[in-house]
Amino acid sequence: AVVSTQSTGDHKRVFLLAGRRRKKSSTSNYLISADPTDLSRDGDSYVGKVRSNLVGTKFTIYGSGLNPIKPPKAGPDGLVTYREELAAVVYSTNVLGFKGPRKMTVLIPGMTGDHERIEIRPESEHQSILERHKRGEVANILELHNKTPVWNDETQSYVLNFHGRVTQASVKNFQIIHDNDPEYIVMQFGRVSDEVFTMDFRYPLCALQAFAIALSSFDGKIACE
């Protein structure tokens, strides 16, 4: 998967990020790179990863850095830098029943008064965003949800208003909002052709967070569909 943006001046497409699924991983695992020709974990352009649980319903998004459960390796300055958790995505079944639209919860680090992302660098699974949220410890965590689609009798499908940015129906189409302001679309993602999707995002998400959230939607949700 590759994401690019279109500049406003000359209308040229500019590469941003690329992601690939790791084939030999026991769970769904996507590597994200700033170089489309180098998608290796050890490459200089590696910027993060997406990892799911065994059934593909919970995803954690990491930046570059060290996995705290592996033997620490100090950097040139002698310090150990653990990877940052950038987001978590939880997919769950919908009250509308089998084959209804997915329900998404997106958890991201909160922002400071200066609009900077608060760093969350867990040194154990107990300190992860998902585990903290499960315990109700939501300080410095912002909870977002997908906007609930409405049923359209004419098309016989669930629909959202993408204002022309999405042109084909897909279970992967979604819009992310905060419950306090459902008209402020934080992110939207959807199909425009068989293998092409559009992705729009804005504050408080960065490009890496948005791309990784989009990647999580490509996985089969065994417990949700």
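In this report, the structure presented in the accompanying data block is examined.

Counting its secondary structure elements, the protein chain contains two helices and 13 strands. Here the protein chain holds 225 residues, and 41% of them are scored as buried. By element, 51% of the accessible surface of the protein chain is carried by carbon and sulfur atoms, the whole surface being about 12700 Å².

For strand S3 (residues 29-33), a buried count of five out of five residues is recorded, marking the element as mostly surrounded by other parts of the structure. Two strands pair when backbone bridges link them, and S3 and strand S4 (residues 46-52) are joined in this way by five bridges, in the antiparallel orientation. Residue pairing across strands places tyrosine 30 opposite valine 50, the latter belonging to S4.

With that settled, consider the nonpolar core. If you look at the biggest cluster of nonpolar residues, it comprises 29 residues, and the most contacted ones within it are Met187 and Ile213. Of all elements in the fold, only S3, strand S5 (58-63), strand S6 (85-92), strand S7 (103-109), strand S11 (174-177), strand S12 (187-193), strand S13 (196-201) and helix H2 (207-216) reach the threshold of two or more residues within this core. No other element matches the seven residues that H2 contributes to this core. Those residues in contact with methionine 187 that lie beyond four places of it in its chain are Phe174, Gln175, Ile176, Met199, Asp200, Phe201, Leu205, Ala210, Ile213 and Ala214.

A few words now on the packing of aromatic side chains. The full count for this structure, using the stated rule, is five aromatic pairs. Pairing phenylalanine 174 with phenylalanine 189 gives two aromatic rings, centres 5.6 Å apart and planes at 35 degrees, and the pair type is tilted. Taken together, the residues span a long stretch of sequence, with phenylalanine 174 in strand S11 and phenylalanine 189 in strand S12 at a distance of 15 residues. Note on phenylalanine 197 and phenylalanine 218: the rings are 5.1 Å apart at their centroids and 80 degrees apart in plane angle, and the pair reads as edge-to-face. With phenylalanine 197 in strand S13 and phenylalanine 218 in the segment after H2, the pair connects residues that are 21 residues apart, well separated along the chain. In this structure phenylalanine 218 comes out as partly exposed when scored by relative accessible area, which is 36%. Linked through ring pairs, Phe174, Phe189, Phe197 and Phe218 together constitute an aromatic cluster. The positively charged end of arginine 83 is found above the aromatic ring belonging to tyrosine 62, 3.6 Å away from the centroid. Positioned above the aromatic ring of tyrosine 184 is the side chain of arginine 202, whose terminal nitrogen or guanidinium carbon lies 3.9 Å from the ring centre.

What counts as what
Residues numbered from 1 in each chain as written. Predicted model: local features only at pLDDT ≥ 70, side-chain atom pairs only at ≥ 80, totals over all residues. Heavy atoms only, no water. Helix = DSSP H or I, 4+ residues; strand = E, 2+ residues; numbered from the N terminus. Buried < 20%, exposed > 50% of the residue type's maximum accessible area, 1.4 Å probe, protein only. Areas by Shrake-Rupley, 256 points an atom, 1.4 Å probe, with all protein chains shown as cover. Pairing = 2+ DSSP bridges. Core = buried A, V, L, I, M, F, W, Y, C linked by side-chain atoms within 4.5 Å. Contact = heavy atoms within 4.5 Å. Phe/Tyr/Trp six-rings, centres within 6.5 Å; stacked < 30°, edge-to-face > 60°. Lys NZ or Arg CZ within 6 Å of the ring centre and 35° of its normal.

Geometric values such as these leave the question of function open.
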